[in-house]
Amino acid sequence: MPDSAAIADALTFSPEVTQRLDRTAEWCQRNGQRLTETRRQVLGLILSSEKPSGAYDLLARLRPAHPKAAPPTVYRALDFLLEHSLIHRLERLSAFVGCSHAVECPHGCNHHDEGGMHRAQFLICRGCDRAWELEQETIAPILTRAAQGMGFRAEAATVEIEGLCADCQKAGVTPARRPKTAAG
């Protein structure tokens, strides 16, 4: 069994990611939650990646620190991080990206619009697979009101916009084709 120093060395994060993980641990404690070591490591892996991370990619990257880790290990950590709005799931990619809104909100909350939804919109580049989160304040209320007009109470909304980022456009990248889903 590896000692704790070997485990710590197996997953080393940048100072910026480490600082964000420390702020997240403090936020969890203030909110009656616990950022366990596994949750912290999974979040650190997500925050360290330039691209959205899939669950099995996270598992492979977690294994140097947890050689016996199995899919439920990662899925439990992801469930916690999603439940507390510390990450987002990009449905189209079946992958996860970090979200700092809950931890860094000056109001101590993670929901601002009248519908109680965290506003999440993503630009997903089909050339390089990177994703950027937008937080346009006007989009979520419009969606919430439209849903209410149809008698629907929206509880969450994530808008995913696919296209090509400026770097890929400049490089003349041809976007990778993704299979169509039932929604798109």
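Residues numbered from 1 in each chain as written. Predicted model: local features only at pLDDT ≥ 70, side-chain atom pairs only at ≥ 80, totals over all residues. Heavy atoms only, no water.

Under an unreviewed UniProt entry, the name given to the protein is Fur family transcriptional regulator, and the source organism is Gluconobacter oxydans. Recorded in UniProt for the protein, the comment headed Sequence similarities (unreviewed entry) runs: "Belongs to the Fur family." (UniProt positions renumbered as here; feature names shortened; annotations may be inferred.)

UniProt records the feature "binding site: Zn(2+)" (unreviewed entry) for Cys-125, Cys-128, Cys-165 and Cys-168 in the present numbering. A stretch of 44 residues holds the annotated residues, and the largest C-alpha distance among them is 8.1 Å, short enough that they meet in one place. Along the chain, Cys-128 turns up in the loop between β3 (120-125) and β4 (131-134). The exposure class assigned to Cys-128 is buried, which follows from its relative accessible area of 16%. For Cys-128, the contacting residues outside a window of four places in its chain are Lys-51, Cys-165 and Cys-168. Its location among the elements puts Cys-165 in the loop between β5 (158-163) and α8 (166-171). Sequence-distant contacts of Cys-165, that is, excluding residues within four places in its chain, are made with Cys-125, Cys-128, Arg-130 and Trp-132. (Helix = DSSP H or I, 4+ residues; strand = E, 2+ residues; numbered from the N terminus. Buried < 20%, exposed > 50% of the residue type's maximum accessible area, 1.4 Å probe, protein only. Contact = heavy atoms within 4.5 Å.)

Compared with an ideal rise of 1.5 Å per residue, which puts 16 residues at 22 Å, helix α2 (residues 15-30) spans 23 Å between its outermost C-alpha atoms and is within 8% of the ideal. The complete set of buried residues in α2 reads Val-17, Leu-21, Thr-24, Trp-27 and Cys-28. Here the buried residues of α2 occupy an arc of 120° about the axis, which is enough to place them on one side. Of the exposed residues in α2, those oriented more than 90 degrees away from the buried face are Pro-15, Gln-29 and Arg-30. Residues of α2 that are buried make contact with α3 (37-48), α5 (71-83) and α6 (101-104). Looking one or two residues beyond α2, the residue adopting positive phi is Gly-32, at roughly 70°. (Expected span 1.5 Å × (residues − 1). Arc of directions from axis to C-beta.)

The next thing to look at is helix α4 (residues 55-62). Taken as a whole, α4 has its buried residues at Ala-55, Leu-58, Leu-59 and Leu-62. All buried residues of α4 lie within an arc of 100° about the axis, which places them on one face of the element. Where α4 is buried, its residues contact α3, α5 and β2 (95-98).

On inspection of all chains with the given rule, the structure shows five salt bridges. The shortest N-O distance in the salt bridge between Asp-57 and Arg-61 comes to 3.1 Å. Of the two residues, Asp-57 and Arg-61 are both situated in helix α4; the distance of four residues between them amounts to about one turn of the helix. For Asp-57, a relative accessible area of 36% puts it in the partly exposed group. One salt bridge connects Arg-92 with Glu-162, and the closest N-O pair in it is separated by 2.6 Å. (Salt bridge = Lys/Arg side-chain N within 4 Å of Asp/Glu carboxyl O.)

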